Amino acid sequence: PLFKKVVIVLIDALRDDFVFGSKGKQFMPYTTQLVEKGTCHSFIAEAKPPTVTMPRIKALMTGSIPGFIDVIMNLNSPALLEDNLIWQAKTAGKRIIFYGDDTWLKLFPKHFVEYDGTTSFFVSDYTEVDDNVTRHLDSVLKREDWDILILHYLGLDHIGHLTGPNSPLVGPKLYEMDNILKKIHTSLLSKEGESSLPNLLIVCGDHGMSETGSHGGSSEEEVHTPLLFISSAFEKRNGPLKQPELVQQTDLAATLAIGLGLPISRNSVGNILLSVIEGKTMREQLRFLHLNGFQLSRLLQENMPTYEKDPGFEHFKIAEKSHGNWIKLYLEGNNSEVLLNLGKKVLKQYLEALKILSSSLSKQVAQYDMYSMTVGTVIVLEVLLLLLLSMPKALSSRAEFEVPLSPPLFSLLFYLLCLLLCAVHVIVCTSAESSCYFCSISWVMAVGVMMLISALMCVILSTFGKMLENPKLPVKNPAVSKSSWSELDVLILAGTAGHAVSLGASSFIEEEHQTWYFLINTLCLALCQEICRHYFLVRDCDLQLSTAVKQNFEDTGETAQFKNVDIPSYDSKLGKVTYSDEFLRGSEKWMGLVSPWIILICCRLLRSLNQTGVQWAHRPDFGHWLTSSEHKAVLSLLAAISLVMIFILVQRRCSLVSKIAMALGLLGVYSYRAAIGNVVFPWQQDSKDISKGIIEARFVYVFVLGIIFTGTKDLLRSQVISADCKTKSIGLWEVYSGLVLLAALLFRPHNLPVLVFCLLIQMIMTRCIWKPLQFDAAQITIMHYWFGQAFFYFQGNSNSIASVDISAGFVGLDNYVEIPAVFLTGFATYAGPLLWAIHLLCYLSSEVSRNSAAMGHGCFCYALICSVPVTVYIILVTGLRYHLFIWSVFSPKLLYEGIRVFITAAVCMFFTAMDQNRSQKIQD
């Protein structure tokens, strides 16, 4: 080993500019002094996405690049079975002590002789979570019974999630960390003797922090973290300060293994940092680099059949041969300049070989389980195909969606397909060289999957056969059917298909919000055309008809009684209106004409609130302006007005009890935000008394549950006791109102206008567009889906994990409880699509009197419109699995789509439950 004791201080979400930038000079003076003039080697370590804690710890300790699925496993980390530095150190008899994030305890159980874990998910706490680590320092630093000390501080990360990187809380936290580093470094120096090995202090971050305070994506602020090696073994820095060298985060594992005299982890793709070992003799340096090169070349042999042709392997063999020549000269006692120059040449050859080997391995590290992926893709395709084949019946007047199971399941084809698939499964699993998930499951589950695939295939063939036998498709509901496709139908089809195809380009995924903004703007223009046609072209036809009727009366000699009568005041049996209705009809017309333009204005205002996507996410927006500390009064006023508007827009269809609960709940929302310091009351002099707002948030939760319970009671009454459509509509609206109140609590104050505009657009569309123009359920469903997707991005979300607001999951919680935290985070993230989906259910339930099949049509169309992009994307991402941006762009989007599938399934189940009575009547 090169070092006696090693202390690793991992500061969660420590960005490189927090140490090397202006904040470091201001708030971390001791660390800055070490970087500029001390015995320190400083680097900028680049982390690979996903930039969340658990995968980054694995990368630091194993030197390998974790899979993207680790972003899910981050919630409940399993034990790390892969070869790693901690296991190697324990095997070598090193005594390891750990304090901090309990993710380490889950990854490395029974590896530490002493430990104290703190939960990493309770982001509301940024003080005690660090104090619980620091309180052990004084006693541990005095002791000699340890070799490695690991400290993982979470406070900075929690501050970022709560208030962002520019928060006034960041400075004091960095100053606190600087004092801790000073204490540790001073203690390590005082214990070093002249004869003993030097000690080493490592300061690093697991990931950075985006401009919004989150992480998980691939922006520069999220992937660049400082990496400091501080030891008396290094020479003091002289001369001008240079920009820190950019290295890979995985390089720490190989460098630290050499520093501790341990084997480099088997799957490490990292390189030894030459600066750390440059104080050693040339022979030792070459030996260390040869060990690193040998480990990387062996890993390359395991992962690449044609490894001998790899440039990195060829360079390594050349360097190894040159190294042999150097050894011969060295053993001969040659100390001339020839030996020194040859040594430098070999050193460069090794470094070049290591760089190429590491790059090749980083590209080869992704091994795809193609068999399991193919099985999943086939099932998804079969389900989509079944939906498409069932569309004519599902959108008929009876809204039938029947899956004929009995004939296919007892057919010869079903059993032949099962046998064939089982045979393929056995062949693939017995001949597979690498591990396969589908082969690792039990044979009962595997056979069940084969039967599912066979059954779906037989059902598809049976449905297709029936369509060929009876080519006359069921006619759509006469009330909503049209003789030909309108421009709106063409737009909906083209928009849906265009969006699905656009998912094949990484830039369109990064900036997907632009696609949805374009689609809803185009939809508003198309609706404007439909409204003009409805109020002007249709009226002209009516006027021509009325003139013809009048002429007919004149020809028959009955004109005397109509001489002084205006055309619009004809008999009601002829479908005309009287003067008393003309004013109402005129105001309705002008409201209809103006409504698409009002919606366009609302959407434009929402776009300026949150800058999302990747390319322009760093640019300032109105949300950033509002959340700055000097504009807190403006934010408070905007939040108050927004909460009042939410009450006005929601209460119109609620019962009296729910109205009171809603008013108190919205007051509680403002009180909660005031308690945690986001907004202020007019009578507040300052905001020093900041708390976690647990009492205020739980006060709101009581009213949320109360409103939802009242609505659920009405729904059960309408479903079980009496089939009352009015009671059901009231119940659905109250459930919707409860969810709106929950969203108001979880949204950040600057995002409350998003909720207001959501409710306002829904009201305008309902009163001025959908009902007057009498669109069918399928068109209304797709419009709801489009607006739901747009509002997902209006909230500030993107297809990067960094845009997920983790702090929403801990509103009202005083410790980490997994299920509520996951639910609240998920609801806050997908609030836009969910609220539009529930509003769709509320609207269609009120339309049952006009179209009895409305609920069935809506449920089917919602399932279909969500299934198309998911299926297309799964096929595209499978084909693009070796794309340069597969981990930073395509994989996060796949995760979002997966969660959206679960939400769609839940919405469709809710639709089915609400439509149960009608289904029973149809069956009767």
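Residues numbered from 1 in each chain as written. Predicted model: local features only at pLDDT ≥ 70, side-chain atom pairs only at ≥ 80, totals over all residues. Heavy atoms only, no water.

Further remarks concern the overall build of the chain. When its secondary structure is counted, the chain shows 39 helices and 8 strands. Relative to its 924 residues, the chain shows a buried fraction of 53%. (Helix = DSSP H or I, 4+ residues; strand = E, 2+ residues; numbered from the N terminus. Buried < 20%, exposed > 50% of the residue type's maximum accessible area, 1.4 Å probe, protein only.)

For strand 7 (residues 224–230), the tally of buried residues reaches 7 of 7 residues, placing the bulk of the element in the interior. Relative to strand 7, strand 2 (residues 40–46) is paired through 7 bridges, and the arrangement is antiparallel. Residue pairing in the sheet places His41 in a bridge with Phe229 of strand 7. Examined bridge by bridge, strand 6 (residues 200–204) and strand 7 share 4 bridges and lie antiparallel to one another. (Pairing = 2+ DSSP bridges.)

What follows deals with the state of the cysteines. For the coordinates displayed, the defined rule picks out 1 disulfide. At a sulfur-sulfur separation of 2.0 Å, the disulfide partner of Cys429 is Cys439. Looking along the S-S bond of the Cys429-Cys439 disulfide, the torsion reads about -85 degrees, which is the left-handed sense. Of this pair, Cys429 sits in helix 21 (residues 412–431) while Cys439 sits in helix 22 (residues 437–440); the two residues are 10 residues apart in sequence, bridging distant segments of the chain. For Cys429, a relative accessible area of 24% translates into the label partly exposed. We classify Cys439 as partly exposed; its relative accessible area is 24%. The thiol of Cys418 is not disulfide-bonded; the next cysteine sulfur, from Cys422, is found 6.3 Å away. There is no disulfide at Cys528, and the cysteine sulfur nearest it, in Cys532, is 4.5 Å away. (Disulfide = S-S within 2.5 Å.)

What follows covers the environment of Leu81. On the secondary structure map, Leu81 appears in the loop between helix 5 (70–73) and helix 6 (85–91). Assessed through its relative accessible area of 81%, Leu81 is described here as exposed.

The next subject is the packing of aromatic side chains. Counted by the stated rule, this structure contains 27 aromatic pairs. Each ring, one from Phe3 and one from Phe234, has its centre 6.2 Å from the other, and the planes form 80 degrees; the classification is edge-to-face. Of this pair, Phe3 sits in the segment before strand 1 (6–11) while Phe234 sits in the loop between strand 7 and strand 8 (245–248), and the two are 231 residues apart along the sequence. By the burial criterion, Phe3 is buried, and Phe234 matches it. Between Trp104 and Phe108, the ring centres sit 5.9 Å apart and the planes meet at 45 degrees, which makes this aromatic pair tilted. Just as Trp104 is buried, Phe108 falls in that class too. Among the aromatic residues, ring-to-ring pairing joins Tyr517, Phe787, Phe791, Phe794 and Trp836 into one connected group. The ring of Trp146 carries Lys5 above its face, with NZ or CZ at 4.3 Å from the centroid. The side chain of Arg900 reaches across the aromatic face of Phe792, ending 5.2 Å from its centre. (Phe/Tyr/Trp six-rings, centres within 6.5 Å; stacked < 30°, edge-to-face > 60°. Lys NZ or Arg CZ within 6 Å of the ring centre and 35° of its normal.)

Once that is clear, we can look at the sheet that holds strand 2. Strand order in this open sheet of 8 strands is 4-3-5-1-6-7-2-8, and the pairing throughout is mixed. This sheet does not close on itself; its edge strands, each paired only once, are strand 4 (114–118) and strand 8. On average, adjacent strands in this sheet sit at an angle of 15 degrees to one another, irrespective of strand direction. Both strand 1 and strand 5 (residues 148–153) contribute to a ladder of 6 bridges, which runs parallel. The residue bridging Ile11 from the neighbouring strand is Tyr153, located in strand 5. The strands touched by helix 11 (residues 170–190) are strand 1, strand 5, strand 6 and strand 7; relative to strand 6, the strand with the most contacts, the crossing angle is about 165 degrees. (Axes fitted to C-alpha atoms, helices over the stretch in contact; angles between N-to-C directions. Contact = heavy atoms within 4.5 Å.)

Moving on: the packing of helix 32 (residues 725–746) against helix 35 (residues 818–829). Close contact between helix 32 and helix 35 brings their axes to 10 Å; oriented N to C, the two are set at 95 degrees. When the interaxial angle is binned, helix 32 and helix 35 end up roughly perpendicular. Listed contacts from helix 35 to Leu739, Leu742, Ala743 and Leu746 of helix 32 are Phe823, Leu824, Phe827 and Ala828. (Parallel < 35°, antiparallel > 145°, perpendicular 65-115°, else oblique.)

Our focus in this paragraph is the pairing of strand 3 (residues 96–101). Taken across its 6 residues, strand 3 has 6 buried, putting it largely inside the fold. Alignment of strand 3 against strand 5, held across 5 bridges, turns out to be parallel. Paired with Tyr99 across the two strands is Leu151, which belongs to strand 5. In the sheet, strand 3 pairs with strand 4 via 5 bridges, with the strands oriented parallel. Paired with Asp101 across the strands is Thr118, a residue of strand 4.

Here we come to the side chain of Gln285. The topology assignment puts Gln285 in helix 15 (residues 282–303). Under the relative-accessibility criterion, Gln285 is labelled buried at 8%. Once residues within four sequence positions are removed from consideration, Gln285 is found in contact with Leu274, Ile277, Glu278, Lys280 and Leu347.

Let us now look at the environment of Lys355. Mapped onto the elements of the fold, Lys355 is located in helix 17 (residues 337–364). The spatial distance from the C-alpha of Lys355 to the C-alpha of Val269 is 9.7 Å, given a sequence separation of 86 residues.

Two side chains with opposite charge may pair up if their charged atoms get near one another. The final tally for this structure, using the stated rule, is 21 salt bridges. Between Asp145 and Arg143 there is a salt bridge whose closest N-O contact spans 3.1 Å. Classification of Arg143 as partly exposed rests on a relative accessible area of 25%. A single network of salt bridges, built from pairs that share partners, joins Glu512, Lys893, Glu897 and Arg900. (Salt bridge = Lys/Arg side-chain N within 4 Å of Asp/Glu carboxyl O.)

A few words now on the nonpolar core. Judged by nonpolar contacts, the single largest core of 116 residues is most densely connected at Ile646 and Phe787. The greatest single-element share of this core, amounting to 15 residues, is contributed by helix 33 (residues 752–773). The next biggest cluster of nonpolar side chains, apart from the first, holds 43 residues, and it includes Leu80, Ile96, Leu200 and Ile202. (Core = buried A, V, L, I, M, F, W, Y, C linked by side-chain atoms within 4.5 Å.)

In contact at an axis separation of 10 Å, helix 29 (residues 632–650) and helix 30 (residues 656–675) are set at 165 degrees when each is read in the N-to-C sense. The angle between helix 29 and helix 30 places the two elements in the roughly antiparallel class. As for the relative orientation of helix 29 and helix 30, their crossing is right-handed in sense. When helix 29 is examined against helix 30, the residues Ser636, Ala639, Ala640, Leu643, Ile646, Phe647 and Val650 are found in contact with a partner set consisting of Lys659, Met662, Ala663, Leu666, Val669 and Tyr670. For the contact of helix 29 with helix 30, a count of residues per class yields 11 nonpolar, 1 polar and 1 charged. (Left-handed = near helix turned anticlockwise from the far one by under 90°. Nonpolar A, V, L, I, M, F, W, Y, C, P; charged D, E, K, R; others polar.)

When pLDDT is averaged along the chain, the result is 85, and 87% of the positions lie at 70 or above. Predicted confidence for residues 552–577 stays below pLDDT 50, and this span has 24 contacts to residues more than four positions away or in other chains. (pLDDT = per-residue confidence, 0-100.)

With that settled, consider helix 36 (residues 831–846). With 16 residues, helix 36 extends 23 Å from end C-alpha to end C-alpha; this agrees with the ideal 22 Å at 1.5 Å per step. Counting buried positions along helix 36 yields 15 of 16 residues, so the element is predominantly enclosed. (Expected span 1.5 Å × (residues − 1).)

This paragraph deals with unusual backbone geometry. In this chain, Pro49 is followed by Pro50 through a cis amide linkage whose omega measures 5 degrees. Even without glycine at this site, Lys110 takes up a positive phi of about 65 degrees. By the secondary structure assignment, Lys110 is in the loop between helix 7 (103–107) and strand 4. Overall, Lys110 belongs to the exposed group, its relative accessible area being 78%.

Helix length check: helix 11 (21 residues) gives 31 Å between terminal C-alpha atoms against 30 Å at 1.5 Å per residue, within 8%. Every buried residue of helix 11 is listed here: Val170, Gly171, Lys173, Leu174, Met177, Asp178, Ile180, Leu181, Ile184, His185, Ser187 and Leu188.

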